[in-house]
Amino acid sequence: MIDLRSDTVTRPSQAMLAAMSAARVGDDVWGDDPTVIELQSTLAGRTGKEAGLFFPSGTQSNLAALMAHCARGDEYIVGQAAHTYKYEGGGAAVLGSIQPQPLENAPDGSLPLEKIAAAIKPIDNHFARTKLLALENTIGGKVLPASYVEAAAKLGRDRGLSMHLDGARVFNAAVASDRPVSELCAPFDTVSICFSKGLGAPVGSVLVGPEALIDVASRWRKVLGGGMRQAGLLAAACLYALDHHVAGLAQDHDNAARLAAGLAQIDGIVIQSQATNMVFAQIPQAHCERLEAWLKERGILTQMLYASRFVTHRDVSREDIDTVIDAVKGYFAAR
Ligand SMILES: *Cc1c(COP(=O)(O)O)cnc(C)c1O
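Residues numbered from 1 in each chain as written. Predicted model: local features only at pLDDT ≥ 70, side-chain atom pairs only at ≥ 80, totals over all residues. Heavy atoms only, no water.

To keep it simple, the criterion reads: UniProt positions are given in the numbering used here, feature names are shortened, and annotations may be inferred rather than shown by experiment.
Per an unreviewed UniProt entry, the recorded name for the protein is Threonine aldolase, and the organism is Caballeronia grimmiae. Listed under Cofactor (unreviewed entry) in UniProt, the entry text for the protein is "pyridoxal 5'-phosphate". The annotation that UniProt attaches to the protein under Subunit (unreviewed entry) is "Homotetramer."

This is how it looks when you write it as structure tokens:
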């Protein structure tokens, strides 16, 4: 199957599995797992932060970060379209007693500075205490402009806010903009990074940041369901991905561009955006269900009803992209 539903579907390669089975492990809840320790410190080093903490999911990593920054009755400013607001079950409010202050994302994924400034509440008993600005990079595949991130961080700092980045795909952003990942992380206190997306590990996210905040997040990780024991097996996959899969993200981006260019030539399809490894297309509603079924019969998995998003990743080759374009062409030619 050619699976374009998400970059979360990547399977571990034989070489990654070999690295996993060779991993030295311990009990990470006791802080004894050498491979988890190595992953956490390696990623902290790569991102220019003091410390790292391994999580089973990006959702838990983001939530522990929000809870480390914000106490009950505090507030974080976040995009309407952000994963930490829209796609994490309302965890910050439900489990953290943290009030979200969502703002409409601009088309480039940013939060307009004047809207951020206007949303920061004065210190007054009437208001939740605005503590944190949370951004996402990449967002909808788009890389936030560096000048924007700097300006947003300066505004946040000047107003006494902390900064969190949902950097689930920050390595895609780094590769696409040809900048070291540490530069993209520099404006933020904490950054959550996924290994189970384009980097191709089966499971795992790491939160990086200052030692003191990571300590607090570690306590919240326990409260939010606990740590993992011989997690070095999984950390080994993440270390393998860091060493072997980062540069290959460029190929995913090229493949997404090729897919967008191919689909754009088909009557009936309008490309809304293509950035890094994501293509968003407008496909007439009447066709979505039938096209999805047509492609599935030809070994291509998509999910068009929810959002016509196609995601490239390391288990999709350039030849696969051409197969997909031909199959979509075939569908519209047969109408
Ligand atoms: C995938 C993702 C996460 C975390 O997802 P998990 O499935 O919980 O690992 C967080 N933010 C963004 C932007 C994501 O795409």
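### Some points on the UniProt feature "domain: Aromatic amino acid beta-eliminating lyase/threonine aldolase" (unreviewed entry) in the protein
Put simply, the rule reads: Strands here are runs of E lasting at least two residues and helices are runs of H or I lasting at least four, both read from the DSSP assignment and numbered beginning at the N terminus.
Mapped onto this numbering, the UniProt entry annotates "domain: Aromatic amino acid beta-eliminating lyase/threonine aldolase" (unreviewed entry) at residues 3-283. Helix and strand shares over residues 3-283 are 42% and 18% respectively, and the end C-alpha atoms of the span are 18 Å apart.

### Details of helix H14 (residues 318-333)
Keep this limit in mind: To estimate the expected span of a helix, count its residues, drop one, and scale the result by 1.5 Å. Only protein chains enter the area calculation, which uses a 1.4 Å probe; residues under 20% of their type maximum are buried, those over 50% are exposed, and those in between are partly exposed. Throughout, the arc means that of the directions going from the helix axis to the C-beta atoms. A contact between two residues is defined here by any heavy atoms of the two lying within 4.5 Å.
With 16 residues, H14 should reach 22 Å at 1.5 Å per residue; the first-to-last C-alpha distance of 23 Å fits that figure. The set of residues buried in H14 consists of Asp320, Ile321, Val324, Ile325, Ala327, Val328, Tyr331 and Phe332. One side of H14 holds all its buried residues, which, seen down the axis, span an arc of 160°. In H14, the exposed positions that point more than 90 degrees away from the buried face belong to Glu319 and Ala333. Buried positions along H14 lie against strand S1 (2-3), helix H12 (249-264), helix H13 (285-297) and strand S11 (300-301).

### Brief notes about the sheet that holds strand S5 (residues 129-136)
Cut-off, in case you're wondering: Two strands form a pair only when DSSP identifies at least two bridges running between them. For every element, the axis is a line fit to its C-alpha atoms; helices are fit only across the contacting stretch, and the angle between N-to-C directions ranges from 0 to 180 degrees.
Taken together, seven strands build an open sheet; the order of strands is S2-S8-S7-S6-S5-S3-S4 and the sheet is mixed. Either end of the sheet is taken by a strand with one partner, and the two such strands are strand S2 (51-55) and strand S4 (99-103). Neighbour-to-neighbour, the strand axes of the sheet open up by a mean angle of 20°, direction not taken into account. Across the sheet, helix H2 (residues 34-47) is in contact with S2, strand S7 (190-194) and strand S8 (205-209); its angle to S2 comes to roughly 130°. Strands in contact with helix H7 (residues 146-158) are S5 and strand S6 (162-166); relative to S6, the strand with the most contacts, it is inclined by about 145°.

### Examining the UniProt feature "modified residue: N6-(pyridoxal phosphate)lysine" (unreviewed entry) in the protein
Feature annotation in UniProt assigns "modified residue: N6-(pyridoxal phosphate)lysine" (unreviewed entry) to the following positions: Lys197. Relative to the elements of secondary structure, lysine 197 occurs in the loop between S7 and S8. Every residue in contact with lysine 197, bar those within four places of it in the chain, is listed here: Asp7, Thr8, Thr10, Ala168 and Arg169.

### Structural notes on the sheet that holds strand S10 (residues 278-282)
Across the sheet, which stays open at both edges, the three strands sit in the order S9-S10-S12 with antiparallel pairing between neighbours. At either end of the open sheet lies a strand with only one pairing partner, and these are strand S9 (270-275) and strand S12 (309-311). Each neighbouring strand pair of the sheet contributes to a mean axis angle of 20°, computed without reference to strand direction. Note: S10 against S12, three bridges, orientation antiparallel.

### Overview of the confidence of the model for the protein
Defined as follows: Confidence scores here are pLDDT values: one per residue, from the predictor, ranging 0 to 100.
Across the protein, pLDDT averages 97, with 99% of residues at or above 70. Here H13 is the element of the protein with the lowest mean pLDDT, 93, and S7 is the one with the highest, 99.

### Remarks on the pattern of salt bridges
To be explicit about the condition: Salt bridges, as used here, are contacts in which a Lys or Arg side-chain nitrogen is within 4 Å of a carboxyl oxygen on Asp or Glu.
The final tally for this structure, using the stated rule, is twelve salt bridges. Linked through salt bridges whose partners overlap, the residues forming this network are Asp74, Arg129 and Lys131.

### A word on the site of the ligand
Cut-off, in case you're wondering: Put simply, a residue is near a molecule or strand once any heavy atom of it comes within 4 Å of that molecule or strand. Here a polar contact is taken to be a pair of N or O atoms separated by no more than 3.5 Å, where protein atoms must pair a possible hydrogen donor with a possible acceptor and residues adjacent in sequence count only if both atoms sit in side chains. What sets the accessible areas is the Shrake-Rupley method with a 1.4 Å probe; for residues, cover comes only from the shown protein chains. Charged residues are taken to be Asp, Glu, Lys and Arg, nonpolar residues to be Ala, Val, Leu, Ile, Met, Phe, Trp, Tyr, Cys and Pro, and polar residues to be all remaining types, Gly included.
Inspection of the region around the ligand gives Ser57, Gly58, Thr59, Asn62, His83, Glu88, Glu136, Asp166, Ala168, Arg169, Cys194 and Lys197 as its neighbouring residues. Arginine 169 places a side-chain nitrogen or oxygen 2.9 Å from an oxygen atom of the ligand. Considering the ligand on its own, with 380 Å² of exposed area, one finds that the protein chains cover 83% of that surface. The dominant element in the shell around the ligand, judged by the number of residues it contributes, is helix H3 (residues 58-69), at three residues. Partitioning the shell around the ligand into residue classes produces two nonpolar, five polar and five charged.

### Some points on the packing of H3 against helix H10 (residues 211-223)
Rules: If an angle is under 35 degrees, it is roughly parallel; if it is over 145, roughly antiparallel; if it lies from 65 to 115, roughly perpendicular; otherwise it is oblique. Throughout, a crossing is termed right-handed when the near helix is turned clockwise from the far one, and left-handed when it is turned anticlockwise from it by less than a right angle.
One can describe the packing of H3 onto H10 by two numbers: an axis separation of 8 Å at closest approach and a directional angle of 120°. On the basis of their axis angle, the class for H3 and H10 is oblique. When the axes of H3 and H10 are compared, the crossing they make is right-handed. For the pair H3 and H10, the contacting residues are Gln60, Ala64, Met67, Ala68 and His69 in the first and Leu213, Val216, Ala217, Trp220 and Arg221 in the second. When grouped by side-chain class, the residues that make up the contact of H3 with H10 number seven nonpolar, two polar and one charged.

### Considerations on the domain arrangement of the protein
Quick note on the threshold: Segment limits for the domains were obtained from an automatic or database-derived domain assignment. Summed over both partners, the accessible surface that disappears when two parts come together, traced with a 1.4 Å probe, is what is meant by buried area.
Under the domain assignment used here, the protein contains domain 1 (14-245) and domain 2 (250-334). The gap between the C-alpha centroids of domain 1 and domain 2 is 30 Å. The contact between domain 1 and domain 2 buries some 950 Å² in all, and 58% of this surface belongs to carbon and sulfur atoms. It is Gly141, Arg169 and Asn172 that lose the most area in domain 1 upon contact with domain 2, and together they represent 37% of the buried surface on that side. Connecting domain 1 to domain 2 are zero salt bridges.

### Structural notes on the packing of aromatic side chains
Put simply, the rule is: Planes of paired rings set the category: under 30 degrees apart is stacked, over 60 is edge-to-face and the rest tilted, where pairs are Phe, Tyr or Trp rings (Trp by its six-membered ring) whose centres lie within 6.5 Å.
Within the structure shown, the criterion is met by two aromatic pairs. Residues tryptophan 294 and tyrosine 331 carry aromatic rings whose centres are separated by 5.7 Å and whose planes lie at 75° to one another, so their mutual orientation is edge-to-face. Of this pair, tryptophan 294 sits in helix H13 while tyrosine 331 sits in helix H14; the two residues are 37 residues apart in sequence, bridging distant segments of the chain. Like tyrosine 331, tryptophan 294 is buried. Measuring from centroid to centroid gives 5.0 Å for tyrosine 331 and phenylalanine 332, while their planes differ by 90°, and the two rings are edge-to-face.

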